[in-house]
Amino acid sequence: MDFELFMKGNALPVEDKEIAISKRFLDADGKPALWKLRAVTTDEDDDLRKTYTKMVPAPGKMGKRGSMIPRLDANAYSVALMTASVVYPDLNNAALQDSYGAKDAAALLRRMLTPGELTDLQAAVNDICGFQTFDELVDDAKN
């Protein structure tokens, strides 16, 4: 087997992706403005998961008295993953945050986008990061 094809220099880079997330933000030509997304690294993803995972008491009788289990705050993790992936617009720009009355990138994203737009952004970020939805996994299993 030729393991050299797995060497770092032989791996294709994950290209940034430009996508229109909202029809409400228009460029100079009146077309939906493109957002630029990047794939986060596995290390960045691990750090985000650690940040948004808390130890909570084990539910019911499953665990011994006083035992704790990890629980991921999926909503907070998802927004953090999106903010880490968005290259443009710059969600850390103070003027942009001020215009929405937001104190950080996560709050800005939640105020800028409608729930549907946020879901579209999440799908685009999941795609560039290589995550598959449950439906995609089912479709792959059928083929």
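These figures come from a predicted structure and were not determined experimentally. (Residues numbered from 1 in each chain as written. Predicted model: local features only at pLDDT ≥ 70, side-chain atom pairs only at ≥ 80, totals over all residues. Heavy atoms only, no water.)

Draft legend 1. Representation of the environment of leucine 48. Residue placement: leucine 48 occurs in helix 1 (residues 42–51). Once the C-alpha coordinates of leucine 48 and alanine 76 are considered, the two residues, 28 residues apart in sequence, prove to be 9.4 Å apart. What leucine 48 contacts, discounting residues up to four positions off in sequence, is Tyr77, Ala80, Leu81 and Ala84. (Helix = DSSP H or I, 4+ residues; strand = E, 2+ residues; numbered from the N terminus. Contact = heavy atoms within 4.5 Å.)

Draft legend 2. Representation of the sheet that holds strand 2 (residues 34–37) in the model. What the three strands build is an open sheet, ordered 1-2-5; its pairing is antiparallel. Of all strands in the sheet, those with a lone pairing partner are strand 1 (17–20) and strand 5 (86–88), marking the two edges. Taken over all neighbouring pairs, the strand axes of this sheet differ in orientation by 40° on average, direction set aside. Where strand 1 lies against strand 2, four bridges are found, and the strand directions are antiparallel. Its bridge partner lying in strand 2, isoleucine 19 is registered against tryptophan 35. Helix-sheet contacts for helix 5 (residues 115–128) involve strand 1, strand 2 and strand 5, and the interaxial angle to strand 2 is about 35°. (Pairing = 2+ DSSP bridges. Axes fitted to C-alpha atoms, helices over the stretch in contact; angles between N-to-C directions.)

Draft legend 3. Highlighting the pattern of salt bridges. By the definition in use, this model includes five salt bridges. Two residues, arginine 38 and glutamate 44, come together in a salt bridge whose shortest N-O distance is 2.8 Å. A relative accessible area of 24% places arginine 38 in the partly exposed class. Look at glutamate 44 and you get partly exposed, because its relative accessible area is 28%. Taking the shortest distance from any N to any O, the salt bridge between arginine 49 and aspartate 45 comes out at 3.0 Å. Taken together, the residues arginine 49 and aspartate 45, both in helix 1 and four residues apart, mark about one turn of the helix. Here arginine 49 falls in the partly exposed class, since its relative accessible area comes to 32%. (Salt bridge = Lys/Arg side-chain N within 4 Å of Asp/Glu carboxyl O. Buried < 20%, exposed > 50% of the residue type's maximum accessible area, 1.4 Å probe, protein only.)

Draft legend 4. Quick look at helix 4 (residues 105–112). All buried positions along helix 4 are accounted for by Ala105, Ala107, Leu108, Leu109 and Met112. Where helix 4 is buried, its residues contact strand 2, helix 2 (74–85), helix 3 (94–100) and helix 5. If you check the start of helix 4, you find a side-chain oxygen 3.2 Å away from the backbone N of alanine 106, and it comes from aspartate 104. (Polar contact = N/O pair within 3.5 Å; in protein donor to acceptor, adjacent residues only side chain to side chain.)

Draft legend 5. Structural context of the packing of helix 2 against helix 5. Interhelical geometry of helix 2 versus helix 5 gives an angle of 70° and a closest axis separation of 10 Å. Classed by the angle they form, the pair helix 2 and helix 5 counts as roughly perpendicular. Handedness of the helix 2/helix 5 crossing: left-handed. Across from Ser78, Leu81, Met82 and Ser85 in helix 2, the residues of helix 5 making contact are Leu118, Leu121, Gln122, Val125 and Asn126. Considered class by class, the residues forming the contact of helix 2 with helix 5 number five nonpolar, four polar and no charged. (Parallel < 35°, antiparallel > 145°, perpendicular 65-115°, else oblique. Left-handed = near helix turned anticlockwise from the far one by under 90°. Nonpolar A, V, L, I, M, F, W, Y, C, P; charged D, E, K, R; others polar.)

Draft legend 6. Main features of helix 5. End to end, helix 5 covers 20 Å across 14 residues, agreeing with the expected 20 Å (1.5 Å per residue, within 8%). Of the surrounding elements, those touching the buried residues of helix 5 are strand 1, strand 2, helix 2, strand 5 and helix 4. Glycine 130 lies just past helix 5 and shows a positive phi near 90°. (Expected span 1.5 Å × (residues − 1).)

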